[in-house]
Amino acid sequence: MGPRSWAALVLGIVIIGGLIWGGVQVVRINDELTGSGLPQVSEVEAARVRLLSLGSFEEEAEGTSSVLVAELRATLEAEFGPIVWEHDPVRQSAGGCSSVESTLDGAVSERSRSLGLMTLDSEQKSRASELVAEVSARYGFSELTTIISGDGSQRVDDLRSPGGGVVTLVVGRSVGVSATTDCRLTREQISLLRSEAW
Amino acid sequence: MALDASAISDGAVDLRRAAGRVGDDGVQVSNGWRALTDVYQSPVAPVLVTAMEPVGQGASEMSGAMQTATVALDDYARAISSLQTRRHSVAVDAEVFARAATASPDWRIEPALRAHQSSLQQSVATLESDFDDARQQCVAVLDGIVTPAVQTTGSFASTGQGPEGLGGPGDGWWDPRHLFTRSSLDAMSPAEVNAWWTSLSPAARATYLTTSPQMIGGLDGIPAAVRDAANRSRLDRELARLTAERDAMGFFERNVAQRTLSDELNEKIDAITAIYEALRKGDRQLLVFDVSGREAFAAVGVGDVDAALNVSVLVGGTGTSVESGLVQLDQDSMKMRERAAEIGEVSLMEVAVVGWVGYRAPSALWLAHDPRYAVNGRADLESFVQGVGATSIHPSKDLNLTLGGHSYAAMLVTSSVLDATTPVDSIATYGTPGIASGPFAPQVDKYWLANSDDPIRAAVVAGVFTDQPNVDDGWTELDTSQREIGGTTYLRGNDHKYLQDGSMTQYNLAALIAGRKDLLVPYESGK
């Protein structure tokens, strides 16, 4: 094989390699832009295994969001005096579940929310934020992120747990507290999956 | 099929004559008794006249109802006449096939003949379904007349006021072409459909819901709870029908001869599975469910769309389909609703978010330069939001309706607010490759969000679409950035994702959806 042939071979390999790389990039960007990142079977299986290793929804989540929100209400009232509250119904939803977890049958979390009809001044808002963070941390919700509105009148604190649950404090015209538990499988679903495994 | 179109037409003619006589006789009775007051004076005379007055009114209403029935019968006769012509063509085609099959040593292994057989089977199935639809339409109209008569002790006047502009009982409101036929309903605006539906008696509504769930579930302007019930009632049946149709295909049809059809059937079956997945999470309304075309369409609302003061319709972009995108869109809608209620400082009941997959989106990036997908979907989205406005229990001035379009859907969303009559208050486009050419309805506030690392920016730079959101055209860019201030983390949106829980992009969209424009965080250049 002469030098020209070698050069042609190398050039060919480079071109083919470039085309393959380009193709992979096009597919990657296409997947990213089209949202065709449906969960892989392995991801779903990993989520199932993880949730199966935890306690059931009935044991570990049911009722806890309302208990936590009640404690947050009591704490805020102890600091700022009586507050009139409006409550959203306690709901079971997939709000504490990741996208992959939410595809599993029986994966569920619980959410409670109360809206307090009281306007706090900026100092009180900061104090409310501290108090909610203290109480939430005892329940495992401690990773804080904050967003402040464009006009500065509203502050939103999200306190997340490693398991996907979140406590949210919104202080603006009023005081809103909500709690969403971590994602869990229902007892029935755990029994079903374990019986299938046998 | 022993249906005789001409006999039905003859029956309709007789009924029309009888309707005229009933109306005339009723008028004569009323006029006669009124005239009696000129020649007969008695303390009880006014009572007698008053007692006989309803005869004329009742006869007039009955005459109107009979006219309704005649047109329903006429429509039915026309439909079956046309279908019988089609049936004749199919019969001829079947004869051709039979001859060819007889001449073949073994037609079952000849692809052309097997394809012909499948095509014939499909024609017959469609024909049967169309016959059934025509019959159901006629039955629905007739039942809608008869049932209220039983419930309202002889009065046919329970339909109340007609749609605005269609007149009242005295000037053509009883013309059934404006009332009951599918074609006339399709021609109505969502507001007119809503007025028609509101005018029906509960019994007539129940009849329509039972006999024509496909029509009722797909009509913009029908209340959300009714559409939900109609659409849900069809899910099991459609799933069974599609599964049976797929399972009836042999290996050869599934993989070679009718591969496209087989794929479509599988996609529709997956779409229904995805719809079930979304609905089982509760507090959902199935507002669109259509598997009649090549692709499945659906829209799932989280919350009560008619009762909520703040309603948003979120539309997915390139690659969005019911089977692959609805579950994620529904999950995002649910979280957006919760966030909007929190930020809006209102009850959850006051917010509803709809994930709308009612158009054929480009399936891949390299198809997303084509504006025709948006052009084709525009009328359906326009009509859907008009329907939301028409069925809301809140006056239009109070309803806060927001339309959100991700990626390619920015084209669709912006094209659907070109008409000045749109009830939409705000639109938000995010991850936008481009928008439709304005001018847009002047009352609509326009916002856009663009993450700094969104790959779609390449399409913007490349000029794939001519028009982009622009401050000079009245658009406002909203902040997507993450900042650290005093040790506090402000989350930014990332990549092509804008609805992530807890992100800055979600915050801004939620504030918009909640009608709290005072809270929006605008983009500041150079920050």
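Please refer to the structure higher up on the page.
Considerations on helix H5 (residues 190–199) of chain B
Here H5(B) lies mainly inside the structure; 8 of its 10 residues are buried. What H5(B) keeps buried is the set B:Pro190, B:Ala191, B:Glu192, B:Val193, B:Asn194, B:Ala195, B:Trp196 and B:Trp197.

Section: the pairing of strand S2 (residues 297–302) of chain B
Residues and elements named next belong to chain B. Across the 6 residues that make up S2, a large majority, 6, are buried. Going residue by residue along S2, you find Phe297, Ala299 and Gly301 tucked away on one face and Ala298, Val300 and Val302 tucked away on the opposite face as well. Note that strand S1 (residues 284–290) and S2 share 6 bridges and pair antiparallel. Looking across to S2, one finds that Phe289 is bridged to Ala298. Adjacent in sequence and paired antiparallel, S1 and S2 are bridged by 6 residues. For S2 and strand S4 (residues 351–357), the ladder comprises 5 bridges, and the chain directions are antiparallel. Paired with Ala298 across the two strands is Val357, which belongs to S4.

Digging into the interface of chain B and chain A
Of the residues lining the interface, 36 residues belong to chain B; the matching set on chain A comes to 33 residues. Elements with a contribution of two residues or more to the side of chain B that touches chain A: helix H11 (322–344), strand S10 (488–490) and helix H15 (504–513) of chain B. Residue classes in the side of chain B that touches chain A are distributed as 16 nonpolar, 13 polar and 7 charged.

Some points on the pairing of strand S5 (residues 400–406) of chain B
Residues and elements named next belong to chain B. Of all 7 residues in S5, 7 are buried; the element is thus mostly enclosed. Side chains of S5 alternate between two faces, with Asn400, Thr402, Gly404 and His406 and Leu401, Leu403 and Gly405 buried alike. Relative to S5, strand S3 (residues 310–315) runs parallel, the two sharing 6 bridges. Bridge pairing in S5 places Val313 opposite Leu403. Both S5 and strand S6 (residues 426–430) contribute to a ladder of 5 bridges, which runs parallel. Within S6, the position partnered with Thr402 by the bridge is Ser426. Following the backbone out of S5, through helix H13 (residues 409–415) and into the adjacent parallel S6, one traces a crossover that is right-handed.

Quick notes on the sheet that holds S2(B)
All names here are of chain B. One open sheet accounts for 8 strands, arranged S1-S2-S4-S3-S5-S6-S7-S8; its pairing is mixed. In this open sheet, the two strands that pair with only one neighbour each are S1 and strand S8 (475–477). Neighbouring strand axes in the sheet, compared pairwise and without regard to direction, differ in orientation by 20° on average. The sheet contact formed by S6 and strand S7 (residues 445–449) spans 5 bridges and is parallel. Residue pairing for S7: Tyr430 is matched across the bridge by Leu449. Relative to the sheet, helix H8 (residues 224–247) contacts S1 and S2, its axis offset from that of S1 by approximately 60°. Docked against the sheet, H15 engages S3, S4, S5, S6 and S7, running at close to 165° with respect to S6.

Calculation criteria
- Residues numbered from 1 in each chain as written.
- Chains lettered and ligands numbered in written order.
- Predicted model: local features only at pLDDT ≥ 70, side-chain atom pairs only at ≥ 80, totals over all residues.
- Buried ≥ 20, exposed ≤ 12 C-beta atoms within 10 Å, placed from the backbone.
- Helix = DSSP H or I, 4+ residues; strand = E, 2+ residues; numbered from the N terminus.
- Pairing = 2+ DSSP bridges.
- Contact = placed C-beta atoms within 7 Å.
- Nonpolar A, V, L, I, M, F, W, Y, C, P; charged D, E, K, R; others polar.
- Right-handed = clockwise from strand over helix to strand, strands pointing away.
- Axes fitted to C-alpha atoms, helices over the stretch in contact; angles between N-to-C directions.

This is a description of form; function is not addressed.
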